Amino acid sequence: MTRKTTLMFAGLLALALTLGACAPTGETVEVTRIVEVEVAGETMVEQIPAPGYGEILARVQARGRLICAGRTDLLGFGYLDDDGRNIGMDIDLCRAIAGAIFGDGEAIEIVAISAAERGPILQTGEVDVLIRNVTWTSSREAQWGNFTTVTFYDGQGYMVRTDSGIESQEDMDGASVCVTGGTTTAQNLADDFRQRGFEYEAVIFEDTASVYGAYFDGRCDVTTSDKSQLAAIRAGADDPDAHIILEPTISKEPLTPAVPHGDDQWLDIVKLVMYGLVNAEELGVTQANVGDMMASDQIPVRRLLGEEGEWGYTDLGLSADALANAIKAVGNYGEIYDRYMGPNGIAFTLPRGLNELWSNGGLIYAPPVK
Amino acid sequence: MARVSSATGAFWRDERVLRAAAQIVSAVLVLAAIAWTVLNLLEAAERRGIALSFGFINLPAEFPISESILPYDPSKTFGFAFLVGVLNTLKVAVIGVVLATILGTILGLARLSSNWLVNRIALVYIELHRNIPLLVLLFLWYFAVFNKLPSPKDSVVLPGPIFLSQRGLYITSARLAPSGLIFLFALGLGVVLAIVAWVVLRRKREQLGRPTYYAGVSLAILLLVPALGWVASGGNPLVLDVPVLEGFNFKGGLRLTPEFGAMLVGLVTYTAAFIAEVVRSGIQAVDRGQVEAARSVGLGSMQILTLVILPQAMRVITPPLISQYLNLTKNSSLAVAIGYADLFNVGRTMINQSGRAVPIFGMIMATYLLMSLITSLILNLYNRRILRVER
């Protein structure tokens, strides 16, 4: 018994694979079966091509739909409406890309993932675009994939109970803080408290719903996340007035769609669509008037909608009216924002702030169509 | 393979040769498959620019961990953070195994009880826990029980004092005062003397064949000697560390976090149901005749249990018990759902922080494998020992 165990011990350690190695004589059939499984796994790995120039667009077109990594659990960005339809700002951005490629904003598939899965799913190229509240950071750009252009300027803040007596970060020494693991959020929290020399207890959950569940139950005095997310959570609380989002913003969180490394054409396509949505807002092109605008006498509008000249759309493998189709599918940037977070937004209301157009004092800016 | 002499025919008809050949062929096939998989992984990773090196281990982790046995802060390295996770897993697994064994044994015995009520209560408990997924139990314990405890300000105060709130269980702990060394020495002396008395008097009882009250004498020594030490040390060898509510949380004392508590209770109550079944089946595997024979030579019911039934039942119980211990250890990875900073939870954060998914998953798998193999090695040694004693 022991000798067999020792043998197994050594064998398995060395091979880092279970079973097989010390199976008694006569079980060759079983071993062969294991080998076949390995071979099957092998072939599957081989079938995912490492993306080179133009490969992702070809893959998407052959498949007939765009696969985006998104989420179903964050009000405003990616959530389910009363009919179970996946909606939100991130989802609309995905629809815009599908609209530009297929002329059909419904030709999408959303893969709902957790925060920790974002890097690996992009590295392995399992999805075409990652649009899931991803903060663009230097290390993620080096490791995960290429970041396109910022679609939402966010920053991390703190939310506390109104009756907790916490008015600023200075009052938080010794507090328990609920936070999502595997995000920049937990790191920013650690940085902020470490800098102040404060003691704290970080209660870290994998699942966003658990973070706020624990906070609302009183497990933590404070919860921290991007302010847009806190606004969403507060709006969904039983009594929103019982919670307050503190003024200071402790980090820069540029939320940005990302694409796999290796395919420059695909990177350019996603950027083109994102910029197109911004330019459309600047030029006053909306989902409702895009048809009429194609006959506009404004030269920049005609260029944007592909009515006059060729400004790189077909070079990237898209049709001339790609952006017109994207706008038809979801509207311009401002419309998308207002749909979920504007004064009459269906999710909650959040002033645009940094997410105003540059011409209105914000940071949203797009290169011209020329 | 050397030719094996055989009187009956050609060597390829020799069963021993065929056996060895089959072994070698299967080993080669398995190794080839593994090599193929690993090479494929390496090549695919390189093509996608995924880093497979372990160099990140020495970089600062920069993320917080909610609880740690060793002093941890975000400036420590990834390697240290991983160790913290491993220790947290070991903490919940070791305590969990001990408690699950105790609870499981009680439930298993209760299941065999002739008392209808006890028997049925055990049955309902076992069926309930065996048929609900552990993840559901954990959520229930964490969100529906531990998180619904009163806030720290309205803590339940138990004698001790022990404070029970949403922030966990704060227990008054004790530190040794400078004068406490005398007491500590007396305590050690008491334990040693008690053991000596137990062994000596028990042997004497066997020699003389009359009672020597070895249990009573040992107990008296165990209590008296440290009591003398207590008096000699000035009456108060221990300094109490009482938890005090300061600001948001308690300070001082010994703390069990709600995450650890829910994890431990969830794992113990769940695994105990399985262990109960293992214990029940092990005891039922002992022939009825054994009990009847023991009764006929005049053994009491406790003696029958400890001297006749359990030693034989252990042989049946141990192997499936090992699986339950391994299950408990591996199931602790569900901690990620309720925020307990176990090995898997920390590992996941490390993956996100460093972007090294493949090496870190490798580390996580290797660690669980190592823990499982060590556990089964130890228990298999124990199993062999009880088998030999019986033969």
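The structure contained in this document is the topic of the report that follows. (Residues numbered from 1 in each chain as written. Chains lettered and ligands numbered in written order. Predicted model: local features only at pLDDT ≥ 70, side-chain atom pairs only at ≥ 80, totals over all residues. Heavy atoms only, no water.)

### Topic: the overall build of chain A
Here comes step 1: Looking only at helices and strands, one finds 14 helices and 15 strands in chain A.
Here comes step 2: Of the contacts made within chain A by residues no fewer than 6 positions apart, 69% connect residues no fewer than 24 positions apart.
Here comes step 3: For chain A, the accessible area works out to roughly 15,300 Å², and carbon and sulfur atoms hold 52% of it. (Helix = DSSP H or I, 4+ residues; strand = E, 2+ residues; numbered from the N terminus. Contact = heavy atoms within 4.5 Å. Areas by Shrake-Rupley, 256 points an atom, 1.4 Å probe, with all protein chains shown as cover.)

### Thoughts on the state of the cysteines
Residues and elements named next belong to chain A.
Here comes step 1: A complete count under the given rule lists two disulfides over all chains for this structure.
Here comes step 2: Note on cysteine connectivity: C68 is disulfide-linked to C94, with sulfurs 1.9 Å apart. When the S-S torsion is 90°, as for the bridge of C68 with C94, the disulfide is right-handed. Taken together, the residues C68 in strand β1 (residues 66-70) and C94 in helix α4 (residues 89-102) connect sequence positions 26 residues apart. Here the two residues C68 and C94 agree in accessibility, since each one is buried.
Here comes step 3: One disulfide bridge connects C178 with C220, the sulfur atoms lying 2.0 Å from each other. (Disulfide = S-S within 2.5 Å. Buried < 20%, exposed > 50% of the residue type's maximum accessible area, 1.4 Å probe, protein only.)

### Some details on empty space enclosed by the protein
Residue and element names in this part refer to chain A.
Here comes step 1: Considering all chains together, one arrives at four cavities of 30 Å³ or more under this definition.
Here comes step 2: When its volume is computed, the largest cavity comes out at roughly 180 Å³.
Here comes step 3: Around the largest cavity, the lining is made up of 15 residues, and of these R118, N133, T183, T185 and Q229 lie nearest the centre.
Here comes step 4: Considered class by class, the residues forming the lining of the largest cavity number one nonpolar, nine polar and five charged.
Here comes step 5: Lining the lining of the largest cavity are residues from two domains, each supplying at least three of them: domain 2 (55-153 + 255-360) and domain 3 (156-249). (1 Å grid on protein atoms, 1.4 Å probe; cavity = no way out; pocket = protein on both sides within 12 Å on 5 of 7 lines; lining within 4 Å. Points joined across faces, edges and corners; volume = space filled by probe spheres on them. Nonpolar A, V, L, I, M, F, W, Y, C, P; charged D, E, K, R; others polar. Domains from an automatic or database assignment.)

### Let's talk about α4(A)
Residues and elements named next belong to chain A.
Here comes step 1: In this model, α4 (14 residues) spans 20 Å end to end at C-alpha, consistent with the 20 Å of a helix rising 1.5 Å per residue.
Here comes step 2: For α4, the buried fraction is high: 13 of the 14 residues fall into the buried class.
Here comes step 3: Once α4 finishes, G103 follows within two positions and takes phi at roughly 70°, a positive value. (Expected span 1.5 Å × (residues − 1).)

### A look at the sheet that holds strand β9 (residues 156-161) of chain A
Residue and element names in this part refer to chain A.
Here comes step 1: Ordered in space as β11-β10-β12-β9-β13, the five strands form an open sheet in which the pairing is mixed. Where the open sheet ends on each side, the last strands, each with one partner, are β11 (200-205) and β13 (243-245). Across the sheet, the axes of successive neighbouring strands diverge by a mean angle of 25°, strand direction being ignored.
Here comes step 2: Pairing between strand β10 (residues 175-180) and strand β12 (residues 222-226): two bridges, direction parallel. Following the sheet pairing, V177 is matched in β12 by V222. (Pairing = 2+ DSSP bridges. Axes fitted to C-alpha atoms, helices over the stretch in contact; angles between N-to-C directions.)

### Topic: the packing of helix α2 (residues 78-111) of chain B against helix α7 (residues 258-284) of chain B
Packed helices, taken two at a time, are described by the angle their axes make and the gap between the axes.
All names here are of chain B.
Here comes step 1: Two elements in contact, α2 and α7, have axes whose closest approach is 6 Å; the angle formed by their N-to-C orientations is 40°. Between α2 and α7, the angle is such that the two are oblique. Both α2 and α7 take part in a crossing whose hand is right-handed. (Parallel < 35°, antiparallel > 145°, perpendicular 65-115°, else oblique. Left-handed = near helix turned anticlockwise from the far one by under 90°.)

### Re helix α6 (residues 214-232) of chain B
All names here are of chain B.
Here comes step 1: With 19 residues, α6 extends 27 Å from end C-alpha to end C-alpha; this agrees with the ideal 27 Å at 1.5 Å per step.
Here comes step 2: Y214, S218, V225, P226 and G229 are the residues of α6 that are buried. The buried residues of α6 occupy one face: seen down the axis, they fall within an arc of 85°. Those residues of α6 that are exposed and aimed more than 90 degrees away from the buried face are L219, L223, L224, L228 and V231.
Here comes step 3: Against the buried residues of α6 lie α5 (180-208).
Here comes step 4: Positive phi appears at G234, one or two residues downstream of α6, with a value of about 95°. (Arc of directions from axis to C-beta.)

### Side note on the nonpolar core
Here comes step 1: In this structure, A:L66, A:I97, A:W266 and A:L305 are the most contacted members of the largest nonpolar core, which totals 63 residues.
Here comes step 2: Residues within four places of A:L305 in sequence aside, it is in contact with A:V285, A:V290, A:M293, A:M294, A:A320, A:D321, A:A324 and A:I327.
Here comes step 3: Counting residues in each nonpolar core, the second largest holds 49 residues, with A:Y215, B:V308, B:I322 and B:A335 among its members. (Core = buried A, V, L, I, M, F, W, Y, C linked by side-chain atoms within 4.5 Å.)

### Description of the environment of A:I121
Residues and elements named next belong to chain A.
Here comes step 1: Among the secondary structure elements, I121 is positioned in helix α5 (residues 118-123).
Here comes step 2: Judged by relative accessible area, which is 8%, I121 ranks as buried.
Here comes step 3: Separated by 10 residues in sequence, I121 and V111 place their C-alpha atoms 9.9 Å apart.
Here comes step 4: I121 has contacts with A69, V111, I113, E126 and V127, leaving out every residue within four places of it along the chain.

### Section: the side chain of A:E201
Here comes step 1: For A:E201, the position within the fold is in strand β11.
Here comes step 2: A polar contact is formed between the side chain of A:E201 and the side chain of A:S176, at a distance of 2.7 Å. (Polar contact = N/O pair within 3.5 Å; in protein donor to acceptor, adjacent residues only side chain to side chain.)

### Remarks on the pattern of salt bridges
Residues and elements named next belong to chain A.
Here comes step 1: Taken as a whole, this structure holds 28 salt bridges over all chains when the rule is applied.
Here comes step 2: Measuring nitrogen to oxygen at the nearest pair gives 3.9 Å for the salt bridge that ties R95 to D92. Highlighted residues: R95 and D92, both in helix α4, separated by three residues, approximately one helical turn.
Here comes step 3: Judged by its relative accessible area of 7%, R95 is buried.
Here comes step 4: Judged by its relative accessible area of 3%, D92 falls in the buried class.
Here comes step 5: Taken together, the shared-partner salt bridges connect R85, D92, R95, E106 and R339 into one network. (Salt bridge = Lys/Arg side-chain N within 4 Å of Asp/Glu carboxyl O.)

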